[in-house]
Amino acid sequence: MLRVGFIGLGIMGKPMAKNIKREGYKLIVYNRSKSVLEEMEELGIIIAANGKEVAEKSDVIITMLPNSPDVSAALFDENGIIDGISAGKAVIDMSSISPVASKEFYSKLNEMDVSFLDAPVSGGETGAIEGTIAVMVGGEKPVFDKYYDLLMTMASSVTYVGEAGSGNIAKLANQMIVASNITAISEAYVFAKKAGADPKVVFEAIRGGLAGSKVMEHKSPKIFDDNYDPGFRIELHIKDMQNVMDTARSVNVSIPIAASIMEILQSCKIDGLEKKDHSAIAKYFEKINNTKLDD
Ligand code: NAD
């Protein structure tokens with residue numbers, strides 16, 4: 001049985017690690033903040049002192065961290081993964097980061113005969129808990145094939161997208177679409193309210209039609225209840241949209257909708273909403289229209 005290392009036990013990483021353990025893999029974990037580790041230990045999961053120890057004691061190391069600099073730190077800082085890894089092992093980065101950074105990590109690890117996959121996920125905390133996330137993977141196909149079963153312990157779908165960086169390209173496209181959806185829903189509900197229709201009834205009326213979506217189903221109740229506990233934090237969506245903007249510039253693509261949404265997210269951050277769920281985009285539309293959707 002593969003020995004699996006896992007670094008980054010936050011909202012997503014903790015339930016994902018638990019799902020791997022449930023399938024019988026030997027698991028060794030490390031997290032920067034320590035509060036989560038006791039719960040892991042009670043499940044028989046081995047706790048490491050740092051990334052180096054994780055890499056020494058496992059065959060494949062999964063990372064689930066906020067952004068590119070965090071993955072870089074986990075890999076290359078003192079007592080990081082690189083200090084403990086050896087040829088023939090693999091790193092699977094499941095964080096949502098810049099595809100440019102993913103390609104860099106792939107090249108650097110390849111020089112050490114270490115495989116690298118970028119394998120970001122969609123599906124949120126609920127999907128991570130239920131083991132139903134969608135995983136989108138970039139890297140070498142034989143490496144993907146080797147770790148497919150491991151990835152499926154956390155997921156309902158695991159898709160090979162293409163060469164290194166492609167997983168994160170797919171993820172950024174996903175984030176553009178999700179943000180656009182939340183923005184459109186929020187604007188439309190405020191429009192409906194001010195025009196004289198109850199937004200909750202509008203939701204009931206349209207959810208089964210063409211405008212209906214998973215985003216609408218998951219986020220409308222939060223918006224109507226004014227309950228913006230995360231979920232997926234505004235600050236993480238800003239991080240993703242910044243990666244979208246940077247990638248778009250590097251490949252000479254114009255993305256006017258994403259650019260507008262980035263400004264809305266930034267305004268939410270200025271209003272102190274960065275730790276709230278990204279459905280709090282609705283509060284931007286409430287504010288500029290001087291209305292409340294939960295009245
Ligand atoms: P999080 O902030 O809840 O968790 C990150 C964890 O990593 C924290 O526990 C932190 O202590 C730890 N950490 C940070 N740097 C570290 C380091 N150098 N070494 C060891 N541990 C370190 O974030 P999250 O919500 O779990 O998101 C993780 C990634 O998954 C992000 O890239 C995010 O965009 C993506 N994602 C999140 C969701 C969601 O709904 N939350 C959904 C899909 C994808």
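Note that the structure is a prediction, hence the values are computed from the model and not measured. (Residues numbered from 1 in each chain as written. Predicted model: local features only at pLDDT ≥ 70, side-chain atom pairs only at ≥ 80, totals over all residues. Heavy atoms only, no water.)

(A) The arrangement of the overall build of the chain in detail. Along the backbone of the chain there are 14 helices and 9 strands. In terms of overall dimensions, the chain is globule-like: its C-alpha atoms have a radius of gyration of 20 Å, near the 19 Å expected for 295 residues. Across its three principal axes, the chain shows a C-alpha extent of roughly 65 × 45 × 35 Å. Residues counted as buried form 49% of the 295 residues belonging to the chain. Excluding contacts between residues fewer than 6 apart, the proportion of contacts in the chain whose partners are at least 24 apart in sequence is 66%. For the chain, the computed accessible surface area is about 13500 Å², with 52% contributed by carbon and sulfur atoms. Side chains of the chain carry 32 positive and 40 negative charges; the gap between the two charge centres is 2 Å. (Helix = DSSP H or I, 4+ residues; strand = E, 2+ residues; numbered from the N terminus. Rg over C-alpha atoms; globule rule 2.2 N^0.38 Å. Buried < 20%, exposed > 50% of the residue type's maximum accessible area, 1.4 Å probe, protein only. Contact = heavy atoms within 4.5 Å. Areas by Shrake-Rupley, 256 points an atom, 1.4 Å probe, with all protein chains shown as cover. Lys, Arg positive; Asp, Glu negative; His and termini not counted. Charge placed at Lys NZ, Arg CZ, Asp CG, Glu CD.)

(B) Region of the structure containing the site of the ligand. In the vicinity of the ligand lie 25 residues, with Ile11, Met12, Pro66, Ser96 and Lys239 positioned nearest. Here an oxygen atom of the ligand and a side-chain polar atom of serine 33 are 3.4 Å apart. In the model, an oxygen atom of the ligand is placed 2.8 Å from a nitrogen or oxygen of the lysine 239 side chain. Relative to its free-state accessible area of 840 Å², the ligand is covered by the protein chains to the extent of 91%. At the level of secondary structure, the elements contributing two or more residues to the shell around the ligand comprise helix H7 (124-130) and helix H12 (234-250). Considering only residue class, the shell around the ligand consists of 11 nonpolar, 8 polar and 6 charged. (Near = heavy atom within 4 Å. Polar contact = N/O pair within 3.5 Å; in protein donor to acceptor, adjacent residues only side chain to side chain. Nonpolar A, V, L, I, M, F, W, Y, C, P; charged D, E, K, R; others polar.)

(C) Broad picture of the packing of aromatic side chains. According to the stated counting rule, one finds 7 aromatic pairs in the structure shown. Taking 6.2 Å as the distance between ring centres and 70 degrees as the angle between the ring planes, the aromatic pair formed by phenylalanine 105 and phenylalanine 116 counts as edge-to-face. Highlighted residues: phenylalanine 105 in helix H6 (residues 99-110) and phenylalanine 116 in strand E6 (residues 115-118), separated in sequence by 11 residues. Judged by its relative accessible area of 4%, phenylalanine 105 is buried. One aromatic cluster is present, built from ring pairs that chain together Phe76, Phe105 and Phe116. When the ring centre of tyrosine 160 is taken as reference, the NZ or CZ atom of lysine 141 above it lies at 5.9 Å. (Phe/Tyr/Trp six-rings, centres within 6.5 Å; stacked < 30°, edge-to-face > 60°. Lys NZ or Arg CZ within 6 Å of the ring centre and 35° of its normal.)

(D) Up close: the pattern of salt bridges. Inspection of the entire model under this criterion finds 17 salt bridges. Among the ionic pairs, arginine 207 bridges to glutamate 204, the shortest N-O distance being 3.1 Å. Assessed through its relative accessible area of 32%, arginine 207 is described here as partly exposed. Notably, a salt bridge pairs lysine 275 with glutamate 235, separated by 3.0 Å at the nearest N-O pair. One end of the pair, lysine 275, is in the loop between helix H13 (256-270) and helix H14 (281-288); the other, glutamate 235, is in helix H12, and 40 residues separate them in sequence. In the salt-bridge network here, residues are joined through shared partners; they are Asp226, Lys283, Glu286, Lys292 and Asp294. (Salt bridge = Lys/Arg side-chain N within 4 Å of Asp/Glu carboxyl O.)

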